[in-house]
Amino acid sequence: MLRKFIPLLLLLPAVRLHAQQRDTTLGEVKVSTTRKLFNSIKLNDGAAGQQVKVIDTMLLKRYGMQDMATLLSQQMPVFVKAYSFNGLSTLGLRGASAAQSQVFWNGVPIQNAALGVADISTMPVLFISRANIVYGSSGALFGSGNVGGALMLDNDVPGFDHRYKRLAIATGAGSFGQFSAGLKGAYNTKKWFFSTSAFAQTARNDYGYTTAAGDKAKMPNSTLQSGAAMLQAAYQIKDQNVLQLSAWVQQYDRRIPPALFEPYSAKQQQDRSLRTVASWSRVRSNMLLVTASLINDSYTYTDPAVQLRSQAGVYQYFHEVTWRHWHKKGGSLVLFSPVQVSWLASGADSQRQQRAGIGGTYSRSALKKRMFLSVQARAERVNATNIFLPGAGANYTLVKDLLGLRATVQRTYRMPTLNELYYFPGGNPTLRPEQGWSQDAGYTLNIKRGRTIYYHDVAVFNRNINDWIMWLGGAVWTPHNIASVHSRGVETDNKISYNSGEWGLQLGIATSYVLATTTDSYMPADGSIGQQIPYTPRYNARGSISFSWRKLYLTYGHTYTGYRFITTDESAWLDPYNTGNIQAMYGMKMHKHDVLLNVQCNNVWNARYSVAGFRPMPGINWMAGVRVEL
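Residues numbered from 1 in each chain as written. Predicted model: local features only at pLDDT ≥ 70, side-chain atom pairs only at ≥ 80, totals over all residues. Heavy atoms only, no water.

1. So, the overall build of the protein chain
Here is the rule: Numbering goes from the N terminus for both helices and strands, where a helix is a DSSP run of H or I of at least four residues and a strand is a run of E of at least two. Our radius of gyration is a C-alpha quantity, and the globule rule it is checked against amounts to 2.2 Å times the number of residues to the power 0.38. For every residue, the accessible area obtained with a 1.4 Å probe (protein chains only) is divided by the maximum for its type, and the residue is called buried under 20%, exposed over 50%, and partly exposed between those limits. None of His or the chain ends enter the tally, which takes Lys and Arg as positive and Asp and Glu as negative. Charged groups are reduced to one reference atom each: NZ for lysine, CZ for arginine, CG for aspartic acid, CD for glutamic acid.
Along the protein chain, the regular secondary structure elements total six helices and 36 strands. Whereas a compact globule of 630 residues would reach a radius of gyration of roughly 25 Å, the protein chain reaches 24 Å, a difference of no more than 12%. Reported as C-alpha extents along the three principal axes, the dimensions of the protein chain are approximately 65 × 60 × 45 Å. Here the protein chain holds 630 residues, and 57% of them are scored as buried. If the 64 positive side-chain charges of the protein chain are averaged to one point and the 36 negative ones to another, these points end up 9 Å apart.

Put into structure tokens, the structure is as follows:
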């Protein structure tokens, strides 16, 4: 069964304190304190104690001609596992696997329903209007798979206040034959709202690298072509009574270069996806939101060397009804009922996974609004398995506008994916769900002295997961429950910013120390006890220095990624690496149009490194672009 998904698996071997940094003209990553900052009702009203980092809109503009994988790997303290320059890229948060870190678009999970992961290298930043990263488990709110955290992507919020239209076009070019072009526009009246985006790119990706024999070579069979379009339409029936439809279609055609142990590769893969979301929201004394989504992901994979050609498609239907009630004394009750059905269409293979649940969260302020509390619960049935997920969190303002504390505790779980259960050869239908508990705590310090702002945030977390799922094997890879994994760590985020009004300066450094070790194993003498989970770096650090003057913006960012073990017994590993990136951006007026020029130099120190085993990444490379608001 599921024979067609073999190739993809081979590629996978205080205020309400979310820890806020005040916004500055430098447009850096910030963290939220505003209760109505998010598009998600659950985050706004039921996630007390949860750390949520907001990616600033200026940062989204700077990376407008690139993908989410590039933005996150260069700007956020997360680990993005990239299988070569144009290969699959997955997100890992706090020592969690890619399948334990969810990705949402307009409130709908968009992981590939068979693989359980999302390729964030196929997501153009141009399409995204708001992006947030939720750190830590919030399983009671978002269900299966929300173990390490989630990436929340949203489009424009429809506006009907007055007639408005805008259009922006952008283009970019860079090293290794990179070329991209895109457009983004919106139009609205008092009743209608329309938004459209389109993006296309092509690249040879023939960068230099060193072969396993030590010879210099150009990366072969690495070309990329992709195109994507997004349409959003909304109709205001009455005031605060809105129907909305969003559709995202894309194709991603790439050749797969050889790994260092392969003498040759002629592999090709074509990915297609269609994502649709429809919603109806009504706000009166209460709020009602009904969301429905249908997603289709398909691919064609060919490898002439072994005369292999395979095709497969996977579908996911999701709908959720959410109801929110506000209490006069400051409390809020949110109830939600999600249903999700996933099925694989691949020749004669047919497998299905069904989920249905009901959940809620109650939150309120206390101690003269210095404390914000929430409790959550979710009951879910997946096929024949029943799951109950409780959770609770709190924020406390210790010193107003200065020091805030936060804490949360959650039960978490992840159901095995269709591939983990039924993939042939190697699927394991006896797999048990991953489940356990997680705890998070932290504080945020904000100090303002004149024009200078000091920001300091510390987060600590602890997570114990039983029946952790990992693929192991040789000629045939099979997923196994490896018993128990204990993840714990400390994250820090520090910034100093100065803004004179005309010019600004910001220094920042973020660090992450994560231990994710096997504490118990069902497989005797496998050497994994006490060892770090593969592809989980213990140390990550990011530093930056940014300067702005009028409409000129300059920044240097530096990233350090520590050792990544690639075996469960730590007998093999990838060396740490440092990369530096320089970016310059300048805005100006030209014939009454806003023009934004952008130049970026990546890997400025020309480091030779691999994020994933046997997949070398490119040395120094350039990207330049222009964006015009019409």
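Moving on, there is more to tell.
2. Examining the pairing of strand 2 (residues 51-55)
We count it as follows: For two strands to count as paired, DSSP must find a minimum of two bridges between them.
Taken across its five residues, strand 2 has five buried, putting it largely inside the fold. Judged by which residues are buried, strand 2 turns out to be covered on both faces: Q51, K53 and I55 on one side and V52 and V54 on the other are all buried. In the sheet, strand 2 pairs with strand 7 (residues 130-135) via five bridges, with the strands oriented antiparallel. Note on strand 7: the bridge partner recorded for V52 is V134.

3. Observations concerning helix 4 (residues 68-75)
How we decide: Side-chain atoms alone can form a polar contact between residues adjacent in sequence; in general such a contact is a pair of N or O atoms within 3.5 Å, and within protein one must be able to donate a hydrogen while the other accepts it.
With six of its eight residues buried, helix 4 lies for the most part within the structure. Burial in helix 4 covers these residues: M68, A69, L71, L72, Q74 and Q75. Capping the start of helix 4, D67 holds a side-chain oxygen 3.1 Å from the backbone nitrogen of A69, two or three residues further along.

4. Some details on the nonpolar core
The cut-off we apply is this: Working definition of a nonpolar core: buried Ala, Val, Leu, Ile, Met, Phe, Trp, Tyr and Cys residues. They are joined through side-chain atoms within 4.5 Å. Note on contacts: a residue pair is in contact if any heavy atoms of the two residues lie within 4.5 Å.
Core analysis: the largest hydrophobic core is formed by 38 residues, its most contacted members being M68, L72, V78, I120, M123 and L151. Of all the secondary-structure elements, those providing two or more residues to this core are helix 3 (57-62), helix 4, strand 5 (101-105), strand 7, strand 8 (149-154) and strand 14 (224-238). The element that contributes the greatest number of residues to this core is helix 4, accounting for four residues. With sequence-adjacent residues up to four places away left out, L151 is seen in contact with M68, L72, L91, Q102, V103, F104, I120, N132 and I133. Residues I41, V134, L141 and A150 belong to the second largest nonpolar core, which totals 13 residues.

5. A few points about a nonpolar patch on the surface
Condition: The patch calculation keeps residues exceeding 30% relative accessible area without a salt bridge and links them within 9 Å when they carry like charges or within 5 Å when they are nonpolar (Val, Leu, Ile, Met, Phe, Trp, Tyr). Areas reported here follow the Shrake-Rupley algorithm with a probe of radius 1.4 Å; residue values treat only the protein chains shown as occluding. Any carboxyl oxygen of Asp or Glu within 4 Å of a side-chain nitrogen of Lys or Arg constitutes a salt bridge here.
Residues Y454, I496, W503, L505, L507, I545, F547, W549 and L554 make up a contiguous nonpolar surface patch of roughly 750 Å² in combined accessible area. For the nonpolar patch, the secondary structure elements donating two or more residues are strand 29 (503-520) and strand 30 (539-549). Inspection of the secondary structure puts L507 in strand 29. You can call L507 partly exposed: its relative accessible area is 41%.

6. A few points about unusual backbone geometry
At Q240, a position not held by glycine, the phi torsion is positive, near 60°. Mapping Q240 onto the fold places it in the loop between strand 14 and strand 15 (241-256).

7. Digging into the pattern of salt bridges
Under the counting rule described, the total for this entry stands at 21 salt bridges. One salt bridge in this structure joins K495 and D493, with 3.1 Å as the shortest N-O distance. Of the two residues, K495 and D493, both sit in the buried class. With its nearest N and O atoms 3.1 Å apart, the salt bridge here joins R627 to E629. Residues participating in the shared-partner salt-bridge network are K53, D493 and K495.

8. What about the packing of aromatic side chains?
For any two aromatic rings, the description comes down to two numbers: the centre-to-centre distance and the angle of the planes. Note the following rule: Pairs were defined over the aromatic rings of Phe, Tyr and Trp, the Trp ring being its six-membered one, requiring ring centres within 6.5 Å. Orientation was assigned from the angle between planes: stacked under 30 degrees, edge-to-face over 60, tilted for the rest. Both a distance and an angle decide whether a charge sits over a ring: NZ of Lys or CZ of Arg must be within 6 Å of the ring centre and within 35 degrees of the ring normal.
The full count for this structure, using the stated rule, is 17 aromatic pairs. An angle of 85° between the planes, with centres 5.8 Å apart, marks the rings of F85 and Y207 as edge-to-face. With F85 in the loop between strand 3 (79-82) and strand 4 (89-92) and Y207 in the loop between strand 11 (192-203) and strand 12 (208-210), this residue pair connects regions lying 122 residues apart in the sequence. Its relative accessible area of 30% is what places F85 among the partly exposed residues. Relative accessible area serves as the criterion here: at 1%, Y207 is assigned to the buried category. With 5.5 Å between their ring centres and 10° between their planes, Y315 and W343 make a pair best called stacked. Remark: W343 occurs in strand 19 (residues 332-346) and Y315 occurs in strand 18 (residues 308-326); sequence separation between them is 28 residues. Accessibility expressed as a relative area gives 25% for W343, which makes it partly exposed. These aromatic residues form a ring-pair network of at least three members: F85, F176 and Y207. Positioned over the ring face of F336 is K42, at 4.3 Å from the centre of the ring.

9. Topic: the side chain of Q340
As for its placement among the helices and strands, Q340 is situated in strand 19. Classification of Q340 as buried rests on a relative accessible area of 12%. Within the local environment of Q340, its side chain forms a polar contact with the side chain of Q316, the two groups lying 3.0 Å apart. Non-local contacts of Q340, meaning those with residues more than four positions away in its chain, are made with P109, Q316, Y317, F318, Q353, Q354 and R355.

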